[in-house]
Amino acid sequence: MEYDFRKIEQAWQNKWKENKTYAVSNESAKPKYYVLDMFPYPSGAGLHVGHPLGYIASDIYSRYKRLKGFNVLHPMGFDSFGLPAEQYALETGQHPATTTEKNIATFKAQLDKIGFCYDWEREVRTSDPQYYKWTQWIFLQLFNSYFCNTQKKARPIADLIKKYETKGNKNFTAEQWNAFTKKEQEDILMNRRLAFSKYGEVNWCEALGTVLANDEVVNGLSERGGHPVEKKKMRQWYLRITDYADRLLEGLETVDFSESMKEMQRNWIGKSEGAEMEFGIVKHHASDMSGDSQLTTHNSRLTVYTTRPDTIFGVDFMVLAPEHELVAQITTPERKAAIDQYLHYVKSRSERERLAEAKTITGCFTGAYAINPFDGREIPIWIAEYVLAGYGTGAIMAVPCGDQRDFAFAKHFDIPITNIIGGHFNGEEANATKDAVLENSGFLNGLFMKDAIGIAVNKIEELGIGKRKVNYRMRDAGFSRQRYWGEPFPIIWTDGVAIPLDAEELPLELPHVDTYGPGPEGEGPLANITEWVNSPQGRRETSTMPGYAGSSWYFLRYMDPNNETTFCDRKASHYWNQVDLYIGGTEHAVGHLLYSRMWTKVLFDLGLIGFEEPFKKLLNQGMIQGSSRFVYRIAGTNQFVSYGKKHEYDVQTLHVDVNIVDGVELQIDAFRKWKPEFADAAFIFEDGTFSLACNTGAIKDMKYICGVETEKMSKSKYNTVNPDELCEKYGADTFRMYEMFLGPVEASKPWDTKGIEGVHRFLRKLWRLFNDDLKGKVWNEDKGSDAELKVLHRTIKKIEEDTERFSFNTAVSTFMICVNELADMKCHKKEVLEKLLILLTPYAPHIAEDLWNQLGNEGSVLDAAFPTFNPALLVELTKEYPVSINGKLRTSIALALDLEQPAVEQLVLQNEIVQKWLEGKAPKKIIFVKNKMINVVI
RNA sequence: GCCCAUGUGGCGGAAUUGGUAGACGCAGCAGACUCAAAAUCUGCCGUUCGCAAGGGCGUGAAGGUUCGAUUCCUUUCGUGGGCACCA
């Protein structure tokens, strides 16, 4: 009986479905374990071999945990709202719901072929009204909450209203509040809501007709499509994620994410601690006769933000952002023309140019001076575009000896530089050290900069000219998209006030539209449907929520997917709790992961769930790149020259389908069939021989070698490999194990189908331990020998360790070694093989189930218990040998003889170098280790 | 520029805590079986000296710590990723 993987896999996949083998219950006495994949966006292109990498890893781990006695939740769903479906609708007129439905069906069929253990009963789709009903509901929770700065948590906005009604706040009394109009009250509340609306500068992309989030903009271009992006003022919804900045940072300490992932999030949040301080401003007016200048003190004060208040005596100039409100007030008449010219120049420059020419130094002196409060020095105030209006106070104090940008600016405009760090400053470049001893620094002289920071801030606070201040780089998250295919906002605008829908009115379903094109004045397509927009209560919000809305909480819905009365029953979320293992790519490091962490914290604050970090452990799978193949066509001909000979000709390099290349050797016939234009292609082979167009035979020994390059996997580069085809050709089990065998899950690597044969051979070899191709069944019920049990238990130990540490590639190797050894020993014993099958189940579930049943077992191997490793079988003996050391007799040497490596023995010694064994067996080499351990080679 | 990874045969990679470097697989070479092919099996497979036994050198490079370093430290180079006027 041969290994007929097609039959086996089909049969078992059907059986799993019929028996609901993977159904998961919320009621179980077992401990729980929650394994989650980042759910996919169901694109029209289907899966390529890169997608399943993480899914296979999570599937292996889920099955492993189930064998280990856990009740495992391992669901799958679809992030089905999003731009591509809408772009496609725009082009073809097909409703996104239709194409999405179709794409999901394709994805599910592809996923099922690989044999994943998903409980499809728990599937979620973000575009399903029964799902987005709760996305809208959570949005309303955000809308109806504020961040309490004393308790550092979200609270119902009703609490805040009550406080205003009874106590007022620092800006108004309770009486004043109660006298405000509804609109005035709502405007004040809007400033506190966690989901709020305001006019803001947004990233407007003309080409896409929509607003993009910061992380969707790369270098001034849209991430998708690479269209130019500009600033535009619009009423937008935002999430007040900045209020959670500190807790998002603190939470990172409690989760098991990779260091680089945490670093990326910290970087994005960009917390910096420093001080805000005020400076007085003076203007000099050229006087008419004496030539002396006349001094005017200005009323306004200049507030700057700095992280280095210790460098206050090194401030040689101030820089305001060109947009800074003080610019107009402080500019002297003499400088007005120059400043206006500079402002005009800045305005003419797009975001892109500013970023592209970041190194170019520009700026303009305002004519005004700030006064250093400690030594009374007059400090010229400049404006320059390198200072950003949106960060800190939009104004900085420049310390050229300590900051490279300030240094470059000072050099460029010939501003004299004060050195406050003595020998640490070489006059050639700035030195941002904190270790220098301060000089020329008044009351800070002689102090280490590190110590001076605190002392300076204290002094500043004492004098009432500034205070400690923490700044964040992160901005509140834009939450509106001028798009159709997203969740509609459950909001109606009445007299400029946003009125939320009642929970009973949810879901607010997406209405049908005739066109997916943008609405008037930058609004989304929904604005075109007047009958929908104009409800009796007022005008509906026409923008929709961004892609990350639905994905910010989907892990909760899996726990209780069909609940119609709440987003997730408290009992279910209490049972399943945090996601124990979350697997996905690094591309969501700052977007999805930050948003879902925030939502979780809000839901926790409001008492709706019992934990505030969604993901306990995050495992980042690497990207699988494509390995492209190239052929070289001699320009103007239909002749192709092999890689080694291409330099002798003038050639065009063409991508060739990687699937018709064996390693690097082109399959000539397949190539001729690939595209009609190549049907009569002629070849010059690697050895220089030549093949005529018509000659397809007799080229056995002549090889056409292709060029190779690693690129992103994409259809247009003909380097995609379809998992369906591999499953068809080698089987899902081979495919799964090969993907794992390729290397560590976390590593990015190019796909290469070549090695898959090796894994396939291994599974066939395994099969032959049970069945002979001719004789049929060969397994027997004999007792396993010591040697065989030793092989088995070494494998148990290794597989358990490898799986626990997600080292799936070495686990596959372990299986290969085990099967090779058992085959060498001609071991066909049920006692040994049965255990091996249990170990193998997570990796190759189909063949394991089949052989398990062949051994006479009923039901699924998943319900078997993971075998226990018996250490006694590995360590054969522990004895004490007397040993002669430097001629003297020593005893008490414990010898742990590990039969895995009979040539090597590890010893634990008490003293110096061992020379000889007393019992005549002289070791070849003895390596002594500090009173501890040595290696002995016999 | 800053931050984080990472560098091992022809290739993917292993070496888990500082202890036989190159497991396992691919490719390659030689052989067995076969009329032949496929399948399967056996041996070789970092480099160098040697008939061999055996030795020298080898984990990007240079130093250091250690009895011992792919592993730890310093410097440096290459590759990949993230951030990029954030004061």
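Residues numbered from 1 in each chain as written. Chains lettered and ligands numbered in written order. Predicted model: local features only at pLDDT ≥ 70, side-chain atom pairs only at ≥ 80, totals over all residues. Heavy atoms only, no water.

Chemist: Explain the overall build of chain A to me, and be specific about the residues and the numbers.
Modeler: A count of helical and extended segments in chain A gives 28 helices and 40 strands. By residue count, 51% of the 938 residues in chain A fall in the buried class. With the model as given, the accessible surface of chain A reaches about 43100 Å², and the carbon-plus-sulfur share is 50%. (Helix = DSSP H or I, 4+ residues; strand = E, 2+ residues; numbered from the N terminus. Buried < 20%, exposed > 50% of the residue type's maximum accessible area, 1.4 Å probe, protein only. Areas by Shrake-Rupley, 256 points an atom, 1.4 Å probe, with all protein chains shown as cover.)

Chemist: A description of the packing of aromatic side chains should follow, citing residues and the corresponding values.
Modeler: Counted according to the given criterion, the structure contains 71 aromatic pairs. Geometrically, the ring pair formed by Trp 177 and Phe 180 is edge-to-face, given 6.1 Å between the ring centres and 75 degrees between the ring planes. One aromatic cluster is present, formed by Tyr 33, Tyr 61, Tyr 64, Phe 70, Phe 806, Phe 808, Phe 815, Tyr 843 and Phe 866 through successive ring pairs. Lying across the ring of Phe 196, Arg 240 places its NZ or CZ 3.8 Å from the centre. (Phe/Tyr/Trp six-rings, centres within 6.5 Å; stacked < 30°, edge-to-face > 60°. Lys NZ or Arg CZ within 6 Å of the ring centre and 35° of its normal.)

Chemist: Give me the lowdown on the pattern of salt bridges, citing residues and values where you can.
Modeler: Per the counting criterion, the structure on display carries 41 salt bridges. A salt bridge links Asp 316 to Arg 377; the shortest N-O distance between them is 2.6 Å. Of this pair, Asp 316 sits in the loop between β11 (293-306) and β12 (317-320) while Arg 377 sits in the loop between β13 (364-371) and β14 (378-383), placing them 61 residues apart in sequence. On the basis of relative accessible area, Arg 377 is assigned to the partly exposed category, the value being 27%. Between Glu 831 and Lys 783 there is a salt bridge, with the nearest N and O atoms lying 4.0 Å from each other. Placement of Glu 831 in helix α27 (residues 830-840) and of Lys 783 in the loop between β34 (776-777) and α25 (786-804) is noted, with a sequence separation of 48 residues between them. According to the relative accessible area criterion, Glu 831 is partly exposed, its value standing at 28%. Assessed through its relative accessible area of 66%, Lys 783 is described here as exposed. It is possible to trace a salt-bridge network through shared partners that takes in Arg 247, Arg 597, Lys 601, Asp 605, Glu 612 and Glu 613. (Salt bridge = Lys/Arg side-chain N within 4 Å of Asp/Glu carboxyl O.)

Chemist: Outline helix α15 (residues 449-462), supporting the account with residue identities and numerical values.
Modeler: An α-helix turns once every 3.6 residues. As a result, residues three or four positions apart point the same way. In a regular helix each residue adds 1.5 Å, so 14 residues correspond to 20 Å; α15 covers 19 Å between its end C-alpha atoms and thus fits that length. Every buried residue of α15 is listed here: Met 449, Ala 452, Ile 453, Ala 456, Val 457 and Ile 460. The arc that holds every buried residue of α15, seen down its axis, measures 135 degrees, which confines them to one face. Positive phi appears at Gly 464, one or two residues downstream of α15, with a value of about 70 degrees. (Expected span 1.5 Å × (residues − 1). Arc of directions from axis to C-beta.)

Chemist: Now, about helix α23 (residues 732-741): what can you tell me, with residues and values included?
Modeler: For α23, the tally of buried residues reaches 9 of 10 residues, placing the bulk of the element in the interior. Positive phi shows up at Gly 743, right after α23, with a value of about 155 degrees.

Chemist: So what's going on with the packing of helix α5 (residues 129-143) against helix α20 (residues 592-605)? Residues and values would help.
Modeler: Taken N-terminus to C-terminus, the directions of α5 and α20 make an angle of 65 degrees; their axes are 11 Å apart at the nearest point. Comparing the axis directions of α5 and α20 gives the class roughly perpendicular. Crossing hand, α5 versus α20: left-handed. Packed against α5, whose contacting residues are Thr 135, Ile 138 and Leu 142, the element α20 presents Met 598, Trp 599, Val 602 and Leu 603 at the interface. (Axes fitted to C-alpha atoms, helices over the stretch in contact; angles between N-to-C directions. Parallel < 35°, antiparallel > 145°, perpendicular 65-115°, else oblique. Left-handed = near helix turned anticlockwise from the far one by under 90°. Contact = heavy atoms within 4.5 Å.)

Chemist: Can you explain the sheet that holds strand β22 (residues 581-584)? Please cite residues and give values.
Modeler: Strands sit in the order β2-β1-β22-β23 across an open sheet of 4 strands; the sheet is parallel. The open sheet has two edge strands with one neighbour each: β2 (71-73) and β23 (618-620). Taken over all neighbouring pairs, the strand axes of this sheet differ in orientation by 20 degrees on average, direction set aside. Note that strand β1 (residues 32-37) and β22 share 3 bridges and pair parallel. Note on β22: the bridge partner recorded for Val 35 is Leu 581. Contacting β1, β2 and β22, helix α2 (residues 52-67) runs over the sheet at an angle of about 170 degrees to β1. (Pairing = 2+ DSSP bridges.)

Chemist: Just give me the short version of unusual backbone geometry, but keep the residues and values in it.
Modeler: Omega for the peptide link from Leu 506 to Pro 507 comes to -5 degrees, which places this bond in the cis form. As for its position among the elements, Pro 507 is in the loop between β19 (497-500) and α16 (530-533). Positive phi outside glycine occurs at Lys 20, with the angle close to 50 degrees. Assignment of secondary structure puts Lys 20 in the loop between α1 (5-19) and β1. Relative accessible area serves as the criterion here: at 52%, Lys 20 is assigned to the exposed category. At Asp 495, a position not held by glycine, the phi torsion is positive, near 50 degrees. For Asp 495, the location among the structural elements is in the loop between β18 (491-494) and β19.

Chemist: Outline the environment of Lys 102, listing residues and values.
Modeler: Following the sequence through the fold, Lys 102 ends up in helix α4 (residues 96-113). Along the primary structure Lys 102 and Pro 676 are separated by 574 residues, whereas in three dimensions their C-alpha atoms are 31 Å apart.

Chemist: Let's hear about the packing of α23 against helix α26 (residues 808-824): which residues, and what values?
Modeler: Direction vectors running N to C along α23 and α26 enclose 120 degrees, while the axes themselves pass 7 Å from each other. When the axis of α23 is compared with that of α26, the two are oblique. Facing α23, whose interface residues are Met 737, Met 740 and Phe 741, α26 presents Phe 808, Asn 809, Val 812, Ser 813, Phe 815 and Met 816. Split by residue class, the contact of α23 with α26 holds 7 nonpolar, 2 polar and no charged. (Nonpolar A, V, L, I, M, F, W, Y, C, P; charged D, E, K, R; others polar.)

Chemist: Could you give an account of the sheet that holds strand β21 (residues 538-540), naming the residues involved and the relevant values?
Modeler: Here we have 4 strands laid out as an open sheet, ordered β19-β18-β21-β20, and antiparallel in their pairing. With partners counted over all chains shown, the strands left at the sheet margins are β19 and β20 (534-535), one partner each. Bridge count between β18 and β19: 4 bridges; the pairing is antiparallel. By the bridge assignment for β19, Thr 494 is matched with Val 497.

Chemist: Can you lay out the pairing of β14 for me, pointing to particular residues and giving the numbers?
Modeler: Of all 6 residues in β14, 5 are buried, a share of seventy percent or more. Summarising the sheet, β12 and β14 pair through 3 bridges and their orientation is parallel. Bridge assignment links Leu 320 to a residue of β14, and that residue is Ile 383. Looking at chain direction, β13 and β14 are connected through 5 bridges and run antiparallel. Residue Phe 365 lies in a different strand from β14, and its bridge partner there is Trp 382. From the end of β13 to the start of β14, which pair antiparallel, there are 6 residues, and Gly 376 there has a positive phi angle of about 70 degrees.

Chemist: Can you break down the side chain of Asp 59 residue by residue, with the values?
Modeler: With respect to the helices and strands, Asp 59 occurs in helix α2. Residue Asp 59 is classed as buried on the basis of its relative accessible area of 0%. At a separation of 2.7 Å, a polar atom in the side chain of Asp 59 contacts the main-chain amide nitrogen of Cys 117. Here the side chain of Asp 59 touches Arg 736 through a polar contact of 2.8 Å, side chain to side chain. (Polar contact = N/O pair within 3.5 Å; in protein donor to acceptor, adjacent residues only side chain to side chain.)

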